[in-house]
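Okay, here's what each chain looks like letter by letter:
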Amino acid sequence: GGILPLDEAPEGLHEGQRLILKVIALREDGVPVLSQRQVNESDRELFFLQRETRRLQRVLRERRIRPTDKSQERGIEDELARWIDEAERTVERLRRRRRRAGLGG
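Now for a description of the structure that goes with this document. (Residues numbered from 1 in each chain as written. Predicted model: local features only at pLDDT ≥ 70, side-chain atom pairs only at ≥ 80, totals over all residues. Heavy atoms only, no water.)

Below, the discussion takes up the pairing of strand 2 (residues 32-35). Taking every second residue as pointing to the same face, both faces of strand 2 are buried, with Pro-32 and Leu-34 on one and Val-33 and Ser-35 on the other. Where strand 1 (residues 22-26) lies against strand 2, four bridges are found, and the strand directions are antiparallel. For Leu-26, the partnering residue across the bridge sits in strand 2 and is Pro-32. In textbook terms, the turn of a hairpin is the stretch between consecutive antiparallel strands, and for strand 1 and strand 2 this stretch comprises five residues, one of which, Gly-30, has a positive phi near 90°. (Buried < 20%, exposed > 50% of the residue type's maximum accessible area, 1.4 Å probe, protein only. Helix = DSSP H or I, 4+ residues; strand = E, 2+ residues; numbered from the N terminus. Pairing = 2+ DSSP bridges.)

The structure is reproduced here in structure tokens:
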């Protein structure tokens, strides 16, 4: 919570309405003083990026539970196997380069 000065409140503001606000000061009692006018485009972009990040984190947490059927499980296993193969090929290429460069391997 915080304090939104009347001169900062948009016309027609009603209870429960959501606004993007910026903390512009702290009163002596620690209560934030808010502003809608000082919110710039960068602040808005940051707000929406953070909101989308939280939404994606929530979706990923829910998806981590487990696949619902064997075909999904097989797809995950195939994807992991491809990733492991690619990682092993990359490590082998790095070892060859290190040996050629005389750095051991």
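Tallying each qualifying case throughout the model produces six salt bridges. Glu-52 is paired through a salt bridge with Arg-55; the nearest N and O atoms lie 2.6 Å apart. On the criterion of helical spacing, the pair formed by Glu-52 and Arg-55 is a turn pair, its members being three residues apart in helix 1 (residues 41-63). Exposure remark for Glu-52: the relative accessible area of 35% places this residue in the partly exposed category. (Salt bridge = Lys/Arg side-chain N within 4 Å of Asp/Glu carboxyl O.)

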